[in-house]
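What follows is the residue order along each chain.
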Amino acid sequence: MSTDPQTVDLTTAGTDEANPLPVGLSDRIPKDAVMRRVRVLLRFIRMKLGKAILLPQLGSTEARELRHAVDHDGELTTGYMLMCALSAGIATLGLLQSSTAVVIGAMLISPLMSPIAALGFGFASIDGHRIKKAVRVVAIGAAIGMLTAVLLTWISPIRNATPEILARTEPTLLDLAVALFSGIAGGYATVIGKGGTAIGVAIATALMPPLAVVGYGLGVLQVQFALGALLLFLTNLAAITLSFAIIARLSGAARPLFAVEWKPRYVAIIGAAFLVLAVPLTMTLSRLSREATMRMAAKSAIVEACGGKKADIAQLEVNWPLFGDPSVDALVVAPTYSPNAEALATKQISARMGATVLVNLQQLQAADFQSQTKAMVDAAMERTAAGIAADVPPYDRIRASIGLPTHGIWANRAERRLYVEPIPAPGWKLVDYAEVENSVNAEKSAWNVRILPPAQEQLRVLLKAGKEADDTAISPETAVWALKRWGLGSVSVKAPAGAETDALVARLKQAGLTATVDSEDLPTPREGQSLIATIRVYGKSPTERAEEARKAAEAKAAAEKAATEDSDAKAP
């Protein structure tokens, strides 16, 4: 076997962990040969990883041309600065109007795509010169965007913090995911040569609107808004840049590592840029980790405070802001109401997290499975971008005003109605439930309360009062109120024919109810006797209808038989 250093076969290396090369040969192998083997191994690993995620592998010439094209597109030009101003202006106006469509219009311009791509390629190549150049272009574009937002905020007559603005003052896990996917999509499209507006939309989604919110916060002197949106911008910028760098490295588009220039000033630039991007990303990830821990603690504490396993959490919002105390907003559906649930949950969550946690707990009562399902569906459908705490129904006040045990309570936020289903109370009449509803709604509140009274088999309606009072009969107004609360569409009325009955039918029709009148076999009321109509609330059951059909068939058969016998008797 030859011992010439230039012909040593490294594949025959030994298995010594301290020295994987054959014993006695490691000191005779040139360093450039080892480096060539290391570069080949790294290139092999890179190509395998790139192919695993369906990335094309670029040759040295293609990679060089792509890097030059990315650098050229990421240069600072007057067109780039104009597009930054226009995009930020459209985004600011859309945020102030809370118009998603207008914000999307700002995303279509996407001026930040090119310098971000150059920044990602610079990190992938560990190229301090390219990083310095790209950071300068991104910083100038961001400054133009924020300045434009400040000016538009000052001259705009609308300065209220809209839901679109509030949604971009705190980085969330979804925002970070959007940034990561945007960067991956942008890097992939750049490598295959199909970058453009579509990828720009994805990137602008995570960058330009937060910049506009930074300008809005500065314009209205809300430092918390500005700092929160700035953290969101830097976090998304770091995630997108990292995604671009990974795609560039795995596809072979980045400059080879052995060609890196380790000059002191380039190293300083790379370190500074890395810190600028890594610090906000680390802060955001740490905050999201705390929120995840608090979410788990909140779930167990709220369920325990609201009655254990029978309680279902329909909505749960956990927030740990940069400034201020952490908060938990929850909506719970449970069979019974727990008076001290919010205080107990606050105590337990604060103890587990080691910090003061603000808990806003809403409880909906639903005794059976159907009521629970309806309450949870209604809560999910009514959820808005502003969160469940934006419009809280006055559950406790209404429960106290009613003064009755309730079977279920649920809200319709779209129509601002609160439905209450009380447990049947001994001695209570329909008119009592109607009076309670009127008294609750008489209080000044933006919510309309509707009480669902216990259903009855039939209603006795007083059409005309006589000399003798009838305590079991109710007024037509109360009858119509109860029928509407029960959600009926048609009823049957049994009453003597006359003007009073016609007036009742007309009132039911006006309320959207179809009435069928049955006046057969009813005696004419005596002089001075009250005129009563009976409204059947429940329709005929399938058993009743089948029985009526059977009797009708038997009667028809008997009539036909009698007719036949009569015909036979008359025959000569």
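A few words now on the pairing of strand β6 (residues 448-451). Judged by which residues are buried, β6 turns out to be one-sided: Val449 and Ile451 face inward and are buried, whereas Asn448 and Arg450, on the alternate face, are not. Examined bridge by bridge, strand β5 (residues 417-422) and β6 share four bridges and lie parallel to one another. For tyrosine 419, the partnering residue across the bridge sits in β6 and is arginine 450.

We now examine the packing of aromatic side chains. A full pass over the atoms with the stated rule returns two aromatic pairs. Ring plane angle 20 degrees and centroid distance 6.5 Å describe the contact between tyrosine 216 and phenylalanine 225, whose orientation is recorded as stacked. Owing to a relative accessible area of 4%, tyrosine 216 belongs among the buried residues under this scheme. Relative to tyrosine 433, the ring of tryptophan 428 has its centre 5.2 Å away and its plane inclined at 45 degrees; by these criteria the two rings are tilted. Overall, the relative accessible area of 3% leaves tyrosine 433 in the buried class.

A separate point is the sheet that holds strand β4 (residues 406-412). Within the open sheet, the three strands sit side by side as β4-β5-β6. Their pairing is mixed. Strands with a single pairing partner mark the edges of an open sheet, and in this sheet they are β4 and β6. Neighbouring strand axes in the sheet, compared pairwise and without regard to direction, differ in orientation by 20 degrees on average. Bridge analysis of β4 against β5 gives six bridges, and the strand direction is antiparallel. Looking across to β5, one finds that alanine 411 is bridged to leucine 418.

What follows deals with helix α16 (residues 476-485). Counting buried residues along α16, eight of its 10 residues qualify, which places the element largely inside the surrounding structure. Restricting attention to buried positions, one finds in α16 the residues Pro476, Thr478, Ala479, Val480, Trp481, Ala482, Leu483 and Arg485. Each element contacted by the buried residues of α16 is listed here: α15 (430-442), β6, β7 (458-464), β8 (490-494), α17 (499-510) and β10 (531-536). Immediately beyond the C-terminal end of α16, within one or two residues, lies glycine 487, with a positive phi of roughly 75 degrees.

Considering the arrangement of structural elements, one finds isoleucine 158 in the loop between α6 (128-155) and α7 (163-166). Classification of isoleucine 158 by relative accessible area gives partly exposed; the value is 39%. Considering only alpha carbons, one finds isoleucine 158 and leucine 93, 65 residues apart in sequence, at a separation of 9.5 Å.

What follows deals with the pattern of salt bridges. Applying the stated criterion across every chain yields a total of seven salt bridges. Between glutamate 164 and arginine 168 there is a salt bridge, with the nearest N and O atoms lying 2.9 Å from each other. Comparing glutamate 164 with arginine 168 shows no difference in burial state: the two are buried. Linking glutamate 547 and arginine 550 is a salt bridge whose minimum nitrogen-to-oxygen distance equals 2.3 Å.

Now for the side chain of threonine 92. Within the secondary structure, threonine 92 sits in helix α3 (residues 78-97). For threonine 92, a relative accessible area of 2% gives the class buried. Apart from residues no more than four positions distant in its own chain, threonine 92 is found in contact with Ala149, Leu152, Thr153 and Ala212.

A few words on the packing of α16 against α17. The contact between α16 and α17 brings their axes to 10 Å, and the two run at 35 degrees. Crossing of α16 against α17: the hand is right-handed. Here α16 contributes Pro476, Glu477, Val480 and Leu483 to the contact with α17, which in turn contributes Leu504, Arg507 and Leu508. Grouping the amino acids of the contact of α16 with α17 by side-chain chemistry returns five nonpolar, no polar and two charged.

What follows is about the environment of leucine 211. Here leucine 211 is to be found in helix α9 (residues 197-219). With a relative accessible area of 0%, leucine 211 lands in the buried category. Spatially, the C-alpha atoms of leucine 211 and alanine 88 are 7.5 Å apart, while their sequence positions differ by 123 residues. Apart from residues no more than four positions distant in its own chain, leucine 211 is found in contact with Leu112, Ala142, Met146, Ala149 and Phe233.

Glancing now at the sheet that holds β8. Strand order in the open sheet formed by four strands is β7-β10-β8-β9, and the pairing between neighbours is mixed. Among the strands making up the open sheet, the edge pair consists of β7 and β9 (514-518). The average angle at which neighbouring strand axes cross in this sheet is 30 degrees, direction not considered. Pairing of β8 with β10, which is carried by three bridges, proceeds in the antiparallel orientation. Within β10, the position partnered with serine 492 by the bridge is arginine 536. Across the sheet, α16 is in contact with β7, β8 and β10; its angle to β7 comes to roughly 150 degrees.

The rules behind the values
Residues numbered from 1 in each chain as written. Predicted model: local features only at pLDDT ≥ 70, side-chain atom pairs only at ≥ 80, totals over all residues. Heavy atoms only, no water. Buried < 20%, exposed > 50% of the residue type's maximum accessible area, 1.4 Å probe, protein only. Helix = DSSP H or I, 4+ residues; strand = E, 2+ residues; numbered from the N terminus. Pairing = 2+ DSSP bridges. Phe/Tyr/Trp six-rings, centres within 6.5 Å; stacked < 30°, edge-to-face > 60°. Axes fitted to C-alpha atoms, helices over the stretch in contact; angles between N-to-C directions. Contact = heavy atoms within 4.5 Å. Salt bridge = Lys/Arg side-chain N within 4 Å of Asp/Glu carboxyl O. Left-handed = near helix turned anticlockwise from the far one by under 90°. Nonpolar A, V, L, I, M, F, W, Y, C, P; charged D, E, K, R; others polar.

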